[in-house]
Amino acid sequence: MDNQIKNIPKVELHSHLEGTISPPLVRRIAKRNSITLKDGLFTDEDKFAWEDFVGFLNAYDEASFCLRKSIDYEDITYEYFKSCALEGVIYAETFISPDHADAVGISYQEMILGCAKGIERVEKEFDIVARLIISCVRHLGPEKAIEVAKLMTDNPHKYVVGFGMGGNEYMYTMNDFSPAYNIAVNAGYPCTTHAGEVCGPESVWDAINCLPVSRIGHGVRSVEDRELLTELANRNIALEICPGSNLALNVYPNWESHPLNEILGSGISVSLNSDDPAFFDTTVGKEYLNGSKFFNLSTKELCNISAMAIKASFVDKKTKSRLLSKIPQ
Ligand code: ADE
Ligand code: ZN
C-alpha cells in the first residue's frame with residue numbers, strides 16, 4: 001500500500017463479520033467441524049461464486065454455515081480485526097447476525113462470548129478498538145427482527161454498541177421494522193440500517209422517516225434526490241459508503257459513475273468501508289487507497305473521513321475523543 005495512505009489512521013463502520021471469512025478460512029473451519037460445504041460455493045480462482053445481489057446473499061449464508069462453535073466466532077473476529085489493524089485501522093465496528101448463529105444452533109450468548117474473546121485478543125495484540133453491532137436480517141421478517149433486538153437488550157455486553165439491519169432490501173417495508181428498532185433505541189442503542197444500496201432514494205426516505213437511525217448503510221442512491229441530500233446533511237445522518245461493494249454488486253458500473261465525491265460535496269458525514277471484504281475482493285485499506293486513486297481524495301481529506309467516521313461511530317464518548325486525537329487534522 002502507498003506509504004502515505006498506509007499511515008492514515010483508518011476507521012471501518014460497515015462490515016459484516018460473516019462476510020469477512022476468506023474461502024480458505026471457511027474451508028478450515030468447515031473441516032474441523034466436519035461440515036460438507038455446498039458444491040459450487042467457490043470459483044476456480046478460489047473466490048466465492050455468485051452473480052447478483054440475491055446470489056451473493058445466498059453464498060454469504062452458505063459460507064456462514066461453517067460456523068458451529070463459539071471458537072469459530074472467536075477466530076473469525078480475531079482474524080478480521082487483525083487484518084484491519086495491519087492496514088492502520090484504529091477503530092472498527094462490525095455487524096454480526098444472531099440469526100445466522102441460530103440457524104446452526106449457536107446461542108446468542110455463545111456467539112457473543114466467542115466474538116468478545118476475539119476482540120480481547122486483538123485489542124491486546126494490536127492498536128485497535130473493536131466493537132459489534134447486532135444486525136437483524138430484513139428478508140427474515142419483522143418478527144425475527146424483534147427477537148434479535150430483544151436478545152440484544154436482554155443480554156447487554158460491553159462490546160455490543162448498536163443495532164442494524166442487512167439483507168434483501170426488496171422485502172418488507174422499513175416501517176415493518178419499527179417495533180424492533182424501538183426496542184433497541186429505547187434501551188439506548190444507536191441504530192443504522194441498509195438503505196439506498198440496491199433500492200433508490202425512496203428507501204432512504206423510508207429509513208429516516210420510519211426508523212430511529214443516525215446512520216445509513218450505503219445510502220449512495222440518495223444522490224438521485226437533492227432534497228434528500230440536504231435532509232441527510234441537516235439531520236447529520238451519516239452514510240456508511242462502500243464503493244468496492246457497490247461496484248462488485250453492479251450498483252455502479254465503474255469508479256467514474258460512483259457518487260462518493262458528490263455526496264462529500266453535499267456536506268454529509270461519510271465513512272469508507274469494505275462491507276463484505278471476502279466477497280468483494282476488497283479491504284478497508286483498499287477502499288482508502290481507491291479513495292485517493294479514483295476519487296482524487298488527498299491525505300487530509302481521507303483523514304477527515306476517518307474523523308467523520310469516529311464522530312458517527314457508536315463507541316462511547318471517552319473512547320471517541322481518545323480515537324479522534326489520533327487522527328491528524
Ligand atoms: N448482508 C451482508 N452484506 C450485505 C449487503 N451489502 N447488503 C445487504 N445485506 C447484506
Ligand atoms: Zn452491508
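Right above here is the structure, for reference.
Because the structure is predicted, anything quoted here is derived from the model rather than measured.

Q: Would you mind going over the coordination of the zinc ion (ligand 2) with me for this structure?
A: For a metal with four tetrahedral donors the ideal donor-metal-donor angle is 109.5 degrees, whereas six octahedral donors ideally subtend 90 or 180 degrees. Looking at the zinc ion (ligand 2), the protein donor atoms are H14 (NE2), H16 (NE2), H194 (NE2) and D275 (OD), and they sit 2.1 to 2.2 Å from it. Taken together, the 4 donor atoms coordinating the zinc ion (ligand 2) and their angles of 87 to 170° define a geometry best described as irregular. The sequence motif formed by the donor residues of the zinc ion (ligand 2) is H-x1-H-x177-H-x80-D. On the criterion of sequence distance, the pair formed by H16 in the loop between β1 (10–12) and α2 (23–32) and D275 in the loop between β8 (270–272) and α13 (277–280) is long-range, its members being 259 residues apart. With relative accessibility at 8%, the residue H16 sits in the buried group.

Q: Is there a simple way to explain the site of ligand 1 in this structure?
A: Within the structure, ligand 1 sits among H16, F53, F56, L57, Y60, G166, G167, H194, E197, H218, D275 and D276. Within the backbone of G167, one N or O atom sits 2.8 Å away from a nitrogen atom of ligand 1. Relative to its unbound accessible surface of 260 Å², ligand 1 loses 97% to contact with the protein. In this structure, ligand 1 is accommodated by the largest cavity. In terms of residue count, the dominant contributor to the shell around ligand 1 is helix α3 (residues 53–64) (4 residues).

Q: I'm lost on helix α14 (residues 284–295) in this one. Help?
A: In an α-helix, one turn spans 3.6 residues, which is why side chains three or four residues apart end up on the same side. Along α14, the positions that sit buried rather than exposed are V284, G285, E287, Y288, N290, G291 and F295. A positive phi of about 60° marks N296, the residue just after α14.

Q: How do you make sense of the sheet that holds strand β4 (residues 160–166) when you look at a structure like this?
A: Within a sheet, neighbouring strands are paired by backbone hydrogen bonds and run either parallel or antiparallel to one another. Spatially, 4 strands are ordered β1-β2-β3-β4 in an open sheet, and the strand pairing comes out parallel. Each having just a single partner strand, β1 and β4 make up the two edges of the open sheet. On average, each strand axis in the sheet is tilted by 20° relative to the strand beside it, whichever way the strands run. Summarising the sheet, β1 and strand β2 (residues 89–96) pair through 3 bridges and their orientation is parallel. Bridge assignment links V11 to a residue of β2, and that residue is Y91. Against the sheet, helix α6 (residues 108–125) engages β2, β3 (129–137) and β4, with an angle of about 155° to β3. Helix-sheet contacts for helix α7 (residues 142–154) involve β3 and β4, and the interaxial angle to β4 is about 175°.

Criteria and cut-off values
- Residues numbered from 1 in each chain as written.
- Chains lettered and ligands numbered in written order.
- Predicted model: local features only at pLDDT ≥ 70, side-chain atom pairs only at ≥ 80, totals over all residues.
- Heavy atoms only, no water.
- Donors = N, O, S within 2.8 Å, 3.2 Å for Na, K, Ca; no water.
- Tetrahedral: all angles 85-135°; square planar, octahedral: opposite > 155°, others 65-115°.
- Helix = DSSP H or I, 4+ residues; strand = E, 2+ residues; numbered from the N terminus.
- Buried < 20%, exposed > 50% of the residue type's maximum accessible area, 1.4 Å probe, protein only.
- Near = heavy atom within 4 Å.
- Polar contact = N/O pair within 3.5 Å; in protein donor to acceptor, adjacent residues only side chain to side chain.
- Areas by Shrake-Rupley, 256 points an atom, 1.4 Å probe, with all protein chains shown as cover.
- 1 Å grid on protein atoms, 1.4 Å probe; cavity = no way out; pocket = protein on both sides within 12 Å on 5 of 7 lines; lining within 4 Å.
- Sits in = over half its atoms within 2 Å of the grid points.
- Pairing = 2+ DSSP bridges.
- Axes fitted to C-alpha atoms, helices over the stretch in contact; angles between N-to-C directions.
- Contact = heavy atoms within 4.5 Å.

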